[in-house]
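Summary of structural features
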Amino acid sequence: MFLPPGDETTTEQLRAEVHEVLGAPPAWAQVHPLTPAEVDRLAALARRRGPGLFVMPGTGSPLVDASLQRFLYELDRPLLLVR
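What comes next is a walk through the structure.

Taking 1.5 Å as the rise per residue, helix α1 (residues 8-22) with 15 residues should run 21 Å; its terminal C-alpha atoms sit 21 Å apart, in good agreement. For α1, the side-chain oxygen to backbone nitrogen distance between the N-cap and Thr 9 is 3.1 Å, and the N-cap itself is Asp 7. The first or second residue beyond α1 is Gly 23, which carries a positive phi of 80°.

This is the structure in structure tokens:
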């Protein structure tokens, strides 16, 4: 799971929420806080993490329209948008 860029406190709160929902962090769920630079390379990061479903919010995405279009073109796996 990629967490949006943010300060350390916000990142730790999000990480705790993920662990709360999933229970003890299972081996298949990795949590990775993004840097602002990594947001522009999201599709490449997803490819390096291996195969699987990519889930992202339907609203409030850190990707602006141009970045989102490029991301969708580059993504090589199923995408689930959650509203």
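Following the structure, the description resumes.
Of all hydrophobic cores here, the largest spans ten residues; its members are Leu 34, Val 39, Leu 42, Ala 43, Leu 45, Ala 46, Phe 54, Met 56, Phe 71 and Leu 75. Elements with a minimum of two residues in this core: α3 (42-48) and β3 (54-57). Among the elements that make up this core, the one with the highest residue count is α3 (four residues). Leaving out residues up to four positions away in the same chain, Leu 45 has contacts with Phe 2, Leu 34 and Glu 38.

Structurally, the position occupied by Arg 77 is in the loop between α4 (65-74) and β4 (79-82). Overall, the relative accessible area of 14% leaves Arg 77 in the buried class. Only 3.3 Å separates the side chain of Arg 77 from the backbone oxygen of Ala 46, close enough to count as a polar contact. Among the polar contacts made by the side chain of Arg 77, one reaches the side chain of Asp 76 at a distance of 3.2 Å. Once residues lying within four places of it in the same chain are set aside, the contact partners of Arg 77 are Ala 46, Arg 47, Gly 50, Pro 51, Gly 52 and Phe 54.

What counts, and at which threshold
- Residues numbered from 1 in each chain as written.
- Predicted model: local features only at pLDDT ≥ 70, side-chain atom pairs only at ≥ 80, totals over all residues.
- Heavy atoms only, no water.
- Helix = DSSP H or I, 4+ residues; strand = E, 2+ residues; numbered from the N terminus.
- Expected span 1.5 Å × (residues − 1).
- Polar contact = N/O pair within 3.5 Å; in protein donor to acceptor, adjacent residues only side chain to side chain.
- Core = buried A, V, L, I, M, F, W, Y, C linked by side-chain atoms within 4.5 Å.
- Buried < 20%, exposed > 50% of the residue type's maximum accessible area, 1.4 Å probe, protein only.
- Contact = heavy atoms within 4.5 Å.

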